[in-house]
Amino acid sequence: MQHDFTIICEDIRQEIGRKLSLMGMYDEAIIFKRVPARLAKLCMYQRWSGSDQPQKARVLLRGSALSGSFVAHGARDLEHYNPDVKRANVMIVFAPLDVVDVGEIELVTYFDESDLPSHTHRIEIRVDPDLRLE
């Protein structure tokens, strides 16, 4: 499988007609007024292309901005699975997420039973004391 893109956001919503809404997308950093801080949710959406659609996905969340590491598991949506489709979407939610310091977090994606990462996505955690929270 080939990684097409990763989006980190606050929420992923399944809409009528199987549309997805990604809310509160982050760019290269998540910025807080101060740390430690808590995110109600940290969501990851990935698009993959290729003919070898995985049955399972595992995402490891780790980094210097966190107090530890966390793992989320996902499985193929059998209700909507189509073997002719040549892409896969991975949607994972970590909730809540406590950020203990500035630094970096990594989301490492593994497929099926592999111990070799298929992709690592990094995002910075920054502080801006002048951040407006309106």
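See the structure shown above.
The shown structure was predicted, so the numbers you read here are calculated from the model rather than taken from an experiment. (Residues numbered from 1 in each chain as written. Predicted model: local features only at pLDDT ≥ 70, side-chain atom pairs only at ≥ 80, totals over all residues. Heavy atoms only, no water.)

## Some thoughts on the sheet that holds strand β9 (residues 87–94)
As a reminder of what qualifies: Following DSSP output, two strands are said to pair if at least two bridges run between them. Put simply, DSSP H or I for four residues or longer makes a helix, DSSP E for two residues or longer makes a strand, and each gets a number counted from the N terminus. Angles here are taken between N-to-C directions and fall from 0 to 180 degrees, while the axes themselves are lines fitted to C-alpha atoms, restricted in helices to the stretch in contact.
Strand order in this open sheet of three strands is β1-β6-β9, and the pairing throughout is antiparallel. The outermost strands of the open sheet, each flanked by one partner alone, are β1 (2–9) and β9. Taking each pair of neighbouring strands and ignoring which way they run, the sheet shows an average axis angle of 15°. In this sheet, β9 lies alongside strand β6 (residues 42–49) in antiparallel orientation, the contact comprising eight bridges.

## Focus on the nonpolar core
Inclusion rule: Take the buried Ala, Val, Leu, Ile, Met, Phe, Trp, Tyr and Cys residues and link them wherever side-chain atoms come within 4.5 Å; each set so joined is a nonpolar core. Type-normalised accessible area, obtained with a 1.4 Å probe on protein chains alone, sets the label of each residue: buried when under 20%, exposed when over 50%, and partly exposed for intermediate values. The contact criterion used throughout is that any non-hydrogen atoms of two residues lie within 4.5 Å.
Counting residues in hydrophobic clusters, the biggest one holds 26 residues, and the most contacted among them are I30, L42, L61 and I105. Secondary structure elements with two or more residues in this core: β4 (29–32), β5 (37–39), β6, β7 (56–62), β9, β10 (97–99), β11 (103–111) and β12 (119–127). Contact partners of I30, with chain neighbours within four places excluded, come to L39, L42, I105, I123, E124, I125 and R126.

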